[in-house]
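Chains, contacts and geometry: an overview
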Amino acid sequence: MTRRQLLKAGVAASTVYSPWMIARAQARPVKLAAILPLTGAFAFAGNAALEAFRDFTDRVNDSGGIGGRRLELIVEDDGYDVARGTAAFNRIVQRESADELVFVYGNSTGLSKALAPEITRLRLPYTATSFSNELADPNTYPTIFVFGPTYNDMAGALLQQIRLQRGRGAKIFLCYSNSEFGRDPIPFIKERAARLGFQIVGEEITPLAIADATPIVTKLRQTQPDFVILQGYVLTVEPILVRAAREQGVRATFMGTYYSAELALMQRAGAAADGFIVTYHNAYYYDATVPAVEQIRALRRAKGRDLSYRTTYYMGSWMAMDVITEAMRRAQAAGKLTRPGMIEALESLGDYNAGGQARNLRWVNHRLPFTKLYRANVRDGRFDAISDWIDGTRV
């Protein structure tokens, strides 16, 4: 060999085996991107979610990161707008390297459906604030996971409760937003209601937020439903509608899915919210029996942060971060902290329950189909469980 060849061989060897290079590789961050509605109609929920994302990121990094690699959180605001969210997603995936960005948490049913083909093409692990039925299809979208029951699963649980309370002939009024979020379970509700012998006596489609519920209440008085199911809101309609309805003598039982299951419903609607039934599948912050609640309190206490009530939007985001980072740890331990490795790790979580915030991580078509029913108790300022876990695949 010539002197130049020997030098090249030496440089190559030092590059492969250098402890400095190994340390440098280990120092590369692991990145998780979150696209959230930090402004707009649902900013209340988006900012609560961001707080949880940041808290859990601190928890991971304070304990050594992911196998010694720092967890880096990338945040974009989409204002609950599909165009803004799409632009934010494109910025992220074009800027970040695939070996560092191993998960994206997106916002809304509309945005997630719009991004789904590109997410699949990139083989990018993904979940979102959405519980869309369409996204829970690993045959079409093999890298998308729904961290809870779908809206159909939730609606099925509500219809099961209607059957228990009223039986055949129950009269239902549907009120939902003119959005992908609002429309998602409506075909299922109509089909299943007909099969159960229920009547859909009225239907109102609204914007994401309203200032006056009078036109809806007028229809409720005319149709006299037994139950009103609201879908596609984040407390932007529920308190206004239920308060106006009670003032006008409407006696129907009001119902909502996951994004209605927040104490602010009672705080904004007062006594009118009493008896409002919701589906919810995480822990409430006041449930001291759940390990995740104490984990949150311990982290915030150590950081000198406010220990007062954290919303359901915070709790669900903490649960998502727990699941995502557990998958990162397992992928790292297997030497596969890559996008494909994350999919393998997520699919193998099995009995993991995110500190008691999920029944388990046994996926059914990349969703977790279990939920519970809760009833608003205004006197005690809390939602009381009225069911055990309900399997959405059986309702």
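See the structure above.
Structure report, in brief.

Reading the values: rules and limits
Residues numbered from 1 in each chain as written. Predicted model: local features only at pLDDT ≥ 70, side-chain atom pairs only at ≥ 80, totals over all residues. Heavy atoms only, no water. Helix = DSSP H or I, 4+ residues; strand = E, 2+ residues; numbered from the N terminus. Rg over C-alpha atoms; globule rule 2.2 N^0.38 Å. Buried < 20%, exposed > 50% of the residue type's maximum accessible area, 1.4 Å probe, protein only. Contact = heavy atoms within 4.5 Å. Areas by Shrake-Rupley, 256 points an atom, 1.4 Å probe, with all protein chains shown as cover. Lys, Arg positive; Asp, Glu negative; His and termini not counted. Charge placed at Lys NZ, Arg CZ, Asp CG, Glu CD. Core = buried A, V, L, I, M, F, W, Y, C linked by side-chain atoms within 4.5 Å. Pairing = 2+ DSSP bridges. Right-handed = clockwise from strand over helix to strand, strands pointing away. Axes fitted to C-alpha atoms, helices over the stretch in contact; angles between N-to-C directions. Salt bridge = Lys/Arg side-chain N within 4 Å of Asp/Glu carboxyl O.

1. Comments concerning the overall build of the protein
Tallying secondary structure elements over the protein gives 14 helices and 12 strands in all. The globule rule puts the C-alpha radius of gyration for 395 residues at 21 Å, and the 23 Å found for the protein is close to it. Its C-alpha atoms give the protein principal-axis dimensions of roughly 95 × 45 × 35 Å. Looking at the protein residue by residue over its 395 residues, the buried ones come to 56%. Of the contacts made within the protein by residues no fewer than 6 positions apart, 69% connect residues no fewer than 24 positions apart. Taken as a whole, the protein presents about 16,500 Å² of accessible surface, with 49% of it coming from carbon and sulfur. Here the protein carries 48 positive and 39 negative side-chain charges, and the mean point of each set is 3 Å from the other.

2. A short note on the nonpolar core
Counting residues in each nonpolar core, the largest one holds 112 residues, and the members touching the most others are Phe147, Leu230, Leu241, Phe254, Met328, Met342 and Phe383. The leading source of residues in this core is helix α13 (residues 312-333), at 12 residues. Not counting residues within four places of it along the chain, the set of residues in contact with Leu230 comprises Cys175, Val237, Glu238, Leu241, Phe254, Met255, Gly256, Thr257 and Phe276. Counting residues in hydrophobic clusters, the runner-up holds 22 residues, among them Ala157, Ile162, Ile189 and Val395.

3. Some thoughts on the pairing of strand β1 (residues 30-36)
Burial analysis of β1 places 7 of its 7 residues in the buried class, which makes it a mostly covered element. Relative to strand β2 (residues 71-77), β1 runs parallel, the two being bridged by 7 bridges. Directly across from Ile35, in β2, lies its bridge partner Glu76. Following the backbone out of β1, through helix α3 (residues 43-62) and into the adjacent parallel β2, one traces a crossover that is right-handed. Where β1 meets strand β3 (residues 101-106), 4 bridges bridge the pair, whose relative direction is parallel. Its bridge partner lying in β3, Leu32 is registered against Phe103.

4. Brief notes about the sheet that holds β3
The sheet built from 4 strands is open, its strands ordered β2-β1-β3-β4 with parallel pairing. Either end of the sheet is taken by a strand with one partner, and the two such strands are β2 and β4 (126-128). Going across the sheet, the axis of each strand differs from the next one's by a mean of 20°, ignoring polarity. Bridge count for β3 against β4 is 3 bridges, and the pairing is parallel. In the strand pairing of β4, Gly106 is matched with Ala128. Sitting on the sheet, helix α4 (residues 82-95) is in contact with β1, β2 and β3, with an inclination near 150° to β2.

5. Overview of helix α10 (residues 238-247)
Within α10, the full set of buried residues consists of Glu238, Pro239, Leu241, Val242, Ala244 and Ala245. Structurally, α10 contributes buried residues whose contacts are with β5 (171-177), α9 (214-223), β7 (227-231), β8 (253-256) and α11 (264-269). Immediately beyond the C-terminal end of α10, within one or two residues, lies Gly249, with a positive phi of roughly 85°.

6. Considerations on the environment of Glu134
Counting through the fold element by element, Glu134 comes out in the loop between β4 and α6 (151-165). Separated by 57 residues in sequence, Glu134 and Glu191 have C-alpha atoms that sit 17 Å apart. Non-local contacts of Glu134, meaning those with residues more than four positions away in its chain, are made with Lys113 and Tyr141.

7. Some points on the pattern of salt bridges
Enumeration according to the criterion identifies 31 salt bridges in this entry. Arg367 is the salt-bridge partner of Asp153, the closest N and O atoms lying 2.6 Å from each other. Separated by 214 residues along the polypeptide, Asp153 in helix α6 and Arg367 in the loop between α14 (339-347) and β10 (370-377) bring together distant segments of the chain. Like Asp153, the residue Arg367 is buried in the burial classification. Taken together, the shared-partner salt bridges in this structure form one network comprising Glu51, Asp55, Asp58, Arg300, Arg305, Asp306 and Arg310.

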